[in-house]
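Now for the letters of each chain:
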Number of protein chains: 2
Amino acid sequence: MEIISGFSKLSKIDKIKWLASHFQGQEQEILQEFQGFEHTNPQIQRHFDEFSENTLTNYYLPFGLAPNVILNGKTYAVPMVIEESSVVAAASQSAKFWSERGGFHAKMIDTQKIGQVHFLWEGDFNKLYAIFDEIKDVLLNATAEVTKNMITRGGGILDIELLNMTHVEANYYQLKATFNTCDSMGANFINTCLEIFARTLQQWIGENDLFVGKEKDVTIVMSILSNYTPNCLVRAWVECPIADLGNFDGGIDAELFAKKFKMAITIAKNDPHRATTHNKGIFNGVDAVVLATGNDFRAVEACGHTYAARTGHYQSLTDVSIDNGIFKFWIDLPIALGTVGGLTSLHPLAKRSLQILGNPSAEELMMIAVTTGLAQNFGALRSLITTGIQKGHMKMHLLNILNHFQANAQEKETAIEYFKNNVVSFSAVSAMLEGLRDTKLVK
Amino acid sequence: MEIISGFSKLSKIDKIKWLASHFQGQEQEILQEFQGFEHTNPQIQRHFDEFSENTLTNYYLPFGLAPNVILNGKTYAVPMVIEESSVVAAASQSAKFWSERGGFHAKMIDTQKIGQVHFLWEGDFNKLYAIFDEIKDVLLNATAEVTKNMITRGGGILDIELLNMTHVEANYYQLKATFNTCDSMGANFINTCLEIFARTLQQWIGENDLFVGKEKDVTIVMSILSNYTPNCLVRAWVECPIADLGNFDGGIDAELFAKKFKMAITIAKNDPHRATTHNKGIFNGVDAVVLATGNDFRAVEACGHTYAARTGHYQSLTDVSIDNGIFKFWIDLPIALGTVGGLTSLHPLAKRSLQILGNPSAEELMMIAVTTGLAQNFGALRSLITTGIQKGHMKMHLLNILNHFQANAQEKETAIEYFKNNVVSFSAVSAMLEGLRDTKLVK
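Residues numbered from 1 in each chain as written. Chains lettered and ligands numbered in written order. Predicted model: local features only at pLDDT ≥ 70, side-chain atom pairs only at ≥ 80, totals over all residues. Heavy atoms only, no water.

Examining the relation of the copies chain B and chain A
Each copy of the sequence occupies a distinct position, and chain B is placed on chain A by a rotation of 180° and an axial shift of 0.0 Å, giving an RMSD of 0.0 Å. On this basis, the relationship between the two copies can be described by a two-fold rotation axis. Considering only C-alpha atoms, the residue of chain B closest to the rotation axis is glycine 312 of chain B, which sits at 2.1 Å. Interface residue correspondence from chain B to chain A reaches 100%, placing this contact among same-surface, isologous pairings. (Least-squares fit on C-alpha atoms with pLDDT ≥ 70 in both. Contact = heavy atoms within 4.5 Å.)

Here we look at empty space enclosed by the protein
Residues and elements named next belong to chain A. One pass over the full model with this rule turns up four cavities of 30 Å³ or more. In this model, the largest cavity occupies a volume close to 80 Å³. Every element with two or more residues in the lining of the largest cavity is listed here: β4 (113–121), β7 (218–226) and α11 (297–308). Of the residues belonging to the lining of the largest cavity, the class tally is eight nonpolar, three polar and one charged. Roughly 60 Å³ of volume is contained in the second largest cavity. (1 Å grid on protein atoms, 1.4 Å probe; cavity = no way out; pocket = protein on both sides within 12 Å on 5 of 7 lines; lining within 4 Å. Points joined across faces, edges and corners; volume = space filled by probe spheres on them. Helix = DSSP H or I, 4+ residues; strand = E, 2+ residues; numbered from the N terminus. Nonpolar A, V, L, I, M, F, W, Y, C, P; charged D, E, K, R; others polar.)

Some remarks on the packing of helix α14 (residues 389–404) of chain B against helix α15 (residues 409–418) of chain B
Residue and element names in this part refer to chain B. Where α14 contacts α15, the two axes come as close as 11 Å, and the packing angle between them is 140°. One element, α14, and the other, α15, form an angle in the oblique class. Seen along the crossing, α14 lies across α15 with a hand that is right-handed. Within the contact between the two elements, α14 uses Leu398, Leu399, Leu402 and Asn403 and α15 uses Lys412, Ala415 and Ile416. A class-by-class count of the residues in the contact of α14 with α15 yields five nonpolar, one polar and one charged. (Axes fitted to C-alpha atoms, helices over the stretch in contact; angles between N-to-C directions. Parallel < 35°, antiparallel > 145°, perpendicular 65-115°, else oblique. Left-handed = near helix turned anticlockwise from the far one by under 90°.)

Examining the interface of chain B and chain A
On the chain A side, the residues contacting the 138 residues of chain B number 138 residues. Of the roughly 12100 Å² buried where chain B meets chain A, counting both sides, 62% is carbon and sulfur surface. The partner of arginine 298 of chain A in a salt bridge is glutamate 83 of chain B, with the nearest N and O atoms 3.1 Å apart. In this structure, the connection of chain B to chain A is made through 59 residue pairs in polar contact (both at pLDDT 80 or more). (Buried area = accessible area lost by both parts, 1.4 Å probe. Salt bridge = Lys/Arg side-chain N within 4 Å of Asp/Glu carboxyl O. Polar contact = N/O pair within 3.5 Å; in protein donor to acceptor, adjacent residues only side chain to side chain.)

Structure below.
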């Protein structure tokens, strides 16, 4: 490739042509491939093109459904967007399992979001602190126009604190504000408020006679929401008498299952190498719902993993207890999702996902997403401590391997039958297909 | 919704019909919508259906391109898949900026991956430890068939350790193995090896005369790779004399820019609330490349965030130094990506992405992904410490808001012109369009 100026200003087709020109002889193929992934309705396609910049086409991820998720007594079919095999299957199996044992339960612990204005100021902190109630009123007034609608909907700015951060760096202070953003994720709302806080603070101090000389100068470092929202927290759980867990593959009874399950959680609470993968599995479920509903999975991941490290020791997000014969398995996960704003209504399938979920409030959606993560984790641990992960996973992955070898419908059928009683691996599938194809040639 | 049995066994069309039957009067609309998102080539569509389970259609994400990424002297156009506005624009701008200042640099620090067999055993650890060299040979022999191909490609099992974990729980031990998986991400390879280790260990101890009574029983808790790979690490960096940074928006010269930049990093190293969002921005870039190349972003997120918490204090993944007038900005990020296996060759656009990147090795791809994260972080910090994030972001988001109000082409043009000099917000766009439409009615 070479350096190109003004790429963003090219039309979409010219962008594709520029790219394709680097692959001689394949220009038409590339053009056709990208067009093949476009939506046939140009108006819908335009929306996708405008979500982001320099867009060339659409990237497909499978849109699936996990039915039978009973949460707080209501039955959901949960839309999941994920490219990894066996995730939707595991969520569905866990959902079915718990639907026969009282279903999932969840509640919001709190819904506070956070934003920060980081600033440098050379002056006496006590002087600023003493007058901060007055400053707070000024800041709230300055944002009145912006917060009006949010307040009508029951949200707005909850509080603004002034923090002395000079233990980190000389002259460094912070406005730390908390927000309720109702059914929106709230990033734009919070950032807009913060930038107004910053400008207003700068101006107010500059114009106030209380302050003289250097004290009049406030240097704003940056104003930005925090994706770490430990007080926007969902708790989800399942519970049943141990005996009701039933029997599992590999000759494992309910007692042994509960014991191994507890040991698996103990390991994930103590060994960061295991905790990472344990939590990764939780996010397989959470992110699939986040994606399907047009929310931002990077924000959800960053928040959840920071929370997993909150004690100074990165650990499992789920926990289990076995008391008086009752098996209880739960998760506490901070998460900030929206059901209005962002792409939630612009992406036709995000909108459809919300409809499938019964047009939930943001709180309800957060509970559904976290529950799906808990279901996913139960499914992963269940496989791990009974038959091992590979048996189920490779069965699910079998079709991908068969597609890799361009197996036809008949070969697939034979292979699926054959691998019901044989271990799936890349080389085993290869060998099996070779055998199949050789036999045919002989005939 | 109601509980349904055998959902996974229904045909795709019957799955959709079952779902649609819950939305009376909209059955046809839902059916047509889902079909509208299908690929017109049924063979390609079948692959997508088989990636995952219970698939109903494809979920679209914009597939974009960030050109002008110079890395280790080579110019790339980087495919990015992301739904969030302004990410691709920011990566492209940072790439262009650094292309004029020596480009990006990156290197692999190491490529080790990790897997663990967690087991319970009631016996004398020293007895097991003393004989572990022999056990190791047995385990390596047992996996010889599985590792053959990987060894030919230059990888395989690097080592197996026996860890005493009884400080966590009585009788708990671990086989901790390290792997080189060459150009594959290696999850299936590692998990398959681990499950063979587990079975072999169990059998070998059971049959060995050295062990008697309870010592003969090994309980395997679970065998699974770790997504935390601190020794599969990329370092990426940019550097230039401070003076060469030039001038920035908001009347900020190179000196002040460097100073504010350093302060922004200091904050992200000390305040977890800021670190979460700081790192979230890095993953905006990394994940977009991970998705575009058919890799697993949950694994990448979990690994990176655990690494961010490795000191016991969750902090920024990037760092900056200003020494002798040189501005140097870098990231250390553990990451495990593949360029063969998984979906890399099965997803047509993942395959195409790899071609666009020049069919890189896994190591080269990891360097590209991490570099894109560094570029993204530079772009975010640049906005934050100069004009603020909302100005650029809301400009990029403007088209989404206009689409929300179903603005036509002419209205869009007028709005884009108008908002060149006005602050974009949801209500401002709404008001502007209302004005526009009222005027028309009067005419």
